[in-house]
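# Tertiary structure, described
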Amino acid sequence: DNTLYLSGVIGTDPTAPRPMPGGIQAETQRAMEIIEEELEAFGSSMDRIVKCTVFLADIDEWAAMNEVYVAFFDTPPARSALGTSGLALGARMEIECIAVVN
């Protein structure tokens, strides 16, 4: 009804099907930009996100990812983060979000 699910967002390079060069922070920046664009396209916004899950290829990169992630919110929504392996395209991180739509 009024819920939008964004799954499997990785920070892909807009010029090629690969993760953004520059590591976890560049990938996170691009993934969050993609999420913001998708939310707006479906009538929502970053402040309407209610939950995110972040998958990290290396959990030790959490602090670097988080530094970029929190900059997209006045008040960050609920979030889970976990380490995993085998993310699409060899990405360092992947984010899925649930948001409310008007």
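Please refer to the structure higher up on the page.
Here is what the cut-offs are and how they apply
- Residues numbered from 1 in each chain as written.
- Predicted model: local features only at pLDDT ≥ 70, side-chain atom pairs only at ≥ 80, totals over all residues.
- Heavy atoms only, no water.
- Helix = DSSP H or I, 4+ residues; strand = E, 2+ residues; numbered from the N terminus.
- Buried < 20%, exposed > 50% of the residue type's maximum accessible area, 1.4 Å probe, protein only.
- Pairing = 2+ DSSP bridges.
- Axes fitted to C-alpha atoms, helices over the stretch in contact; angles between N-to-C directions.
- Contact = heavy atoms within 4.5 Å.
- Salt bridge = Lys/Arg side-chain N within 4 Å of Asp/Glu carboxyl O.
- Phe/Tyr/Trp six-rings, centres within 6.5 Å; stacked < 30°, edge-to-face > 60°.
- Polar contact = N/O pair within 3.5 Å; in protein donor to acceptor, adjacent residues only side chain to side chain.
- Arc of directions from axis to C-beta.

A word on the environment of D58. Here D58 is to be found in the loop between β2 (49-56) and α2 (62-69). Given the relative accessible area of 29%, D58 is considered partly exposed. Through-space distance from the C-alpha of D58 to that of G83 is 5.8 Å; in sequence the pair is 25 residues apart.

Let us look at the sheet that holds β2. Strand-to-strand pairing in sheets goes through backbone hydrogen bonds, with the strands running parallel or antiparallel. Sheet architecture is open: 4 strands sit in the order β1-β4-β2-β3, paired in mixed fashion. For this open sheet the edge positions go to β1 (3-9) and β3 (78-83), each flanked by a neighbour on one side alone. The average undirected angle you get between the axes of adjacent strands in this sheet is 10 degrees. In the sheet, β1 pairs with strand β4 (residues 93-100) via 5 bridges, with the strands oriented antiparallel. Residue pairing for β4: L4 is matched across the bridge by A99. Each of β1, β2 and β4 touches helix α1 (residues 24-41); the most contacted strand, β4, lies at about 25 degrees to it.

Time to look at the pattern of salt bridges. For the coordinates displayed, the defined rule picks out 4 salt bridges. When the shortest N-O distance is used, the salt bridge between R18 and D13 registers 3.1 Å. Of the charged contacts in the structure, one is a salt bridge between E37 and R30, with a shortest N-O distance of 3.8 Å. Exposure remark for E37: the relative accessible area of 47% places this residue in the partly exposed category. Three or more residues joined by partner-sharing salt bridges are found here, namely R30, E33 and E37.

This paragraph deals with the packing of aromatic side chains. Counted by the stated rule, this structure contains 1 aromatic pair. Pairing Y69 with F73 gives two aromatic rings, centres 5.1 Å apart and planes at 50 degrees, and the pair type is tilted. You can call F73 buried: its relative accessible area is 10%.

Now for the side chain of S44. Structurally, S44 can be placed in the loop between α1 and β2. Here the side chain of S44 touches V100 through a polar contact of 2.5 Å, landing on its backbone oxygen. Discounting chain neighbours no more than four positions away, the residues touching S44 are L39, A99, V100 and V101.

Turning to α2, its buried residues are M65, N66, V68 and Y69. For α2, the angular spread of the buried residues around the axis is 160 degrees, confining them to a single face. Residues of α2 that are exposed and angled more than 90 degrees away from the buried face: A63 and E67. Tucked into the core, α2 has its buried residues touching α1, β2, β3 and β4.

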